[in-house]
Amino acid sequence: MNSRRLIVAGAQMGPTQRADSRARTMARLVALLEAAAAQGAKLVVFPELAFTTFFPRWPMERDAPELVASFEPAMPNPQVQPLFDRARELGIGFYVGYAELTPDGHRFNSAVTVGPDGRILFKYRKVHLPGSDRVKDGQKYQQLEKMYFEYGDLGFPVARGPEAWGRPVLGMLVCNDRRWPEGWRCLGLQGVELVMVGYNSAAYDPNGGEGESAELRTFHSILAAQSNAYMNATWAVAVAKAGDEDGAGLIGGSCIVDPNGVVVAQARTLADEVIIAEVDLDACRQGKEKMFNFAQHRRPQHYRRIVDQVGATPPA
């Protein structure tokens, strides 16, 4: 193995029920981490909101104890410390999504990447929040991320991974972000080589109606990872929390995609499952230096004009 190769794991989680204890959930996370390490992984990607059920489906008051308990006032904190401790013991890093409560009371759907020494490398806050900012009367399922979270305010940062990982340029997205090309392109313009995405995506149309099946939504999830990985010449690791959470389904489809858009590993179940791939970071060079050599081929002066024209008020 050369210095630009890295074994990466996606740690898909099956459902986490509303009544599940933090201790039970943490034990599952640690077990997945250990299973990935046993297969040689040095970086593990966990899902969005990995420490809880997908609580934005439940209407709650802002100060409801259950809602407040779903947020992390610090990262790490005593409830999640076992994951950090075990990862450090194994010399393995990870990405994990969680609900962030800042010291001054702001709430974000966030993710951090942690190095093999147990230190946080960088943080990302979800920008593309789906759903509604209020309960929709008569709708079977609710998607209330806009009610519980603020839009991310950190932009789309990248960070260099450690020498032990080959110093990759790392980027993060969360769930719905992966469906929007703007986030990927912001990362791509910074030379990203590995994009990590955790998600909790409904197995039904979360906006109401019968127009989207679990199969179609799984197809779209994988398609987004493949197409954006290809167009930005980057590896992508997209990881689900899947299965039936208290009667509401979540898709699986966790996958690892190479810079050509080829799926090289994919989950087969809707349960706790580890997928593994050896990531050759230098495989990004083909796309970055040829087809998607941004410095040579992009023409942003024209993109602005297109945006202005499409967004303009039509003539009377």
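Residues numbered from 1 in each chain as written. Predicted model: local features only at pLDDT ≥ 70, side-chain atom pairs only at ≥ 80, totals over all residues. Heavy atoms only, no water.

### Focus on the overall build of the protein
Here is the rule we go by: Labels follow the DSSP assignment, with helices taken as runs of H or I lasting at least four residues and strands as runs of E lasting at least two, numbered in each case from the N terminus. For the radius of gyration, the atoms used are the C-alpha atoms, and the globule rule reads 2.2 Å times the number of residues raised to 0.38. Residue burial is assigned from relative accessible area. The probe radius is 1.4 Å, only protein chains are included, and a residue is buried under 20% of its type maximum, exposed over 50%, and partly exposed in between. Contacts are residue-level and defined by heavy atoms, with any inter-residue pair within 4.5 Å sufficient. We get accessible surface area from the Shrake-Rupley algorithm with a probe of 1.4 Å; when it comes to residues, only the shown protein chains can shield them. The convention is simple: Lys and Arg are positive, Asp and Glu are negative, and His and the chain ends are not counted. A charged residue contributes its charge at one atom only: NZ of Lys, CZ of Arg, CG of Asp or CD of Glu.
Helices and strands together make up the secondary structure of the protein, namely nine helices and 14 strands. For 316 residues, the compact-globule formula gives about 20 Å, and the C-alpha radius of gyration of the protein, at 19 Å, lands near that figure. By principal-axis analysis of the C-alpha atoms, the protein measures approximately 65 × 55 × 40 Å. In the protein, which comprises 316 residues, the proportion classed as buried is 53%. In the protein, the share of contacts with a sequence separation of at least 24, taken over all contacts with a separation of at least 6, comes to 69%. When the accessible area of the protein is evaluated, it comes to approximately 14,000 Å², of which 54% is carbon and sulfur surface. The distance from the centre of the 35 positive side-chain charges to the centre of the 36 negative ones in the protein is 5 Å.

### Comments concerning the sheet that holds strand E13 (residues 263-266)
Condition: In this analysis, strands are considered paired if DSSP registers two or more bridges between them. Fitting a line to C-alpha atoms yields each axis, with helices limited to the stretch in contact; the angle taken between N-to-C directions then spans 0 to 180 degrees.
Read from one edge to the other, the open sheet built from six strands follows the order E6-E7-E8-E9-E12-E13, with strand pairing classed as mixed. Every interior strand has two partners, whereas the edge strands, strand E6 (158-160) and E13, have only one. In this sheet, neighbouring strand axes are inclined to one another by 20° on average, regardless of whether the strands run parallel or antiparallel. Sitting on the sheet, helix H5 (residues 181-188) touches E6, strand E7 (169-174), strand E8 (194-199) and strand E9 (235-240), and the angle it makes with E7 is about 165°.

### Focus on the sheet that holds strand E1 (residues 5-12)
Taken together, the six strands give an open sheet; going across it, the order is E5-E4-E3-E2-E1-E14, and neighbouring strands pair in mixed fashion. The sheet is open, and its two borders are formed by strand E5 (120-125) and strand E14 (273-280), each paired with just one other strand. Within this sheet the neighbouring strands show an average axis-to-axis angle of 25°, counted without direction. Two elements, strand E4 (residues 107-114) and E5, share five bridges in a ladder whose sense is antiparallel.

### Some remarks on helix H6 (residues 214-231)
Owing to its 3.6 residues per turn, the α-helix aligns residues three or four sequence positions apart on the same side. To keep things clear, this is the line we draw: Under the convention used throughout, the expected extent of a helix is 1.5 Å for every residue step, that is, one less than its residue count. Working definition: the arc comes from the directions between the helix axis and the C-beta atoms, pointing outward to the latter.
Compared with an ideal rise of 1.5 Å per residue, which puts 18 residues at 26 Å, H6 spans 26 Å between its outermost C-alpha atoms and is within 8% of the ideal. What H6 keeps buried is the set Arg-217, Thr-218, Ser-221, Ile-222, Ala-224, Ala-225, Asn-228 and Ala-229. Taken down its axis, H6 places every buried residue within 145° of arc, on the same side. In the segment just after H6, Ala-233 is the residue with positive phi, at about 50°.

### What about the environment of Asp-104?
Threshold: Each polar contact in these results corresponds to two N or O atoms within 3.5 Å; when the atoms are within protein, one needs to be able to donate a hydrogen and the other to accept it, and residues that are neighboring in sequence are counted only if both atoms are side-chain atoms.
With respect to the helices, strands and loops of the structure, Asp-104 is situated in the loop between strand E3 (93-101) and E4. The class of Asp-104 is exposed, set by a relative accessible area of 58%. For the pair formed by Asp-104 and Leu-187, sequence separation is 83 residues and the distance between their alpha carbons is 28 Å. Within the structure, Asp-104 has its side chain in polar contact with the side chain of Thr-102 (distance 2.5 Å).

### A word on the packing of helix H1 (residues 22-38) against helix H3 (residues 81-90)
Rule in force here: For classification purposes, an angle smaller than 35 degrees is called roughly parallel, one larger than 145 roughly antiparallel, one from 65 to 115 roughly perpendicular, and anything else oblique. Each crossing gets its hand from how the near helix is turned against the far one by less than a right angle, where anticlockwise is left-handed and clockwise is right-handed. Any residue outside Ala, Val, Leu, Ile, Met, Phe, Trp, Tyr, Cys, Pro, Asp, Glu, Lys and Arg is labelled polar, Gly included; the first ten of those are nonpolar and the last four are charged.
Packing of H1 against H3 leaves a shortest axis separation of 9 Å and a crossing angle of 15°. When the axis of H1 is compared with that of H3, the two are roughly parallel. The interaxial crossing formed by H1 with H3 has right-handed handedness. From H1, Met-26, Leu-29, Val-30, Leu-33, Glu-34 and Ala-37 reach across to H3, where they touch Pro-82, Leu-83, Arg-86, Ala-87 and Leu-90. By residue class, the composition of the contact of H1 with H3 is nine nonpolar, no polar and two charged.

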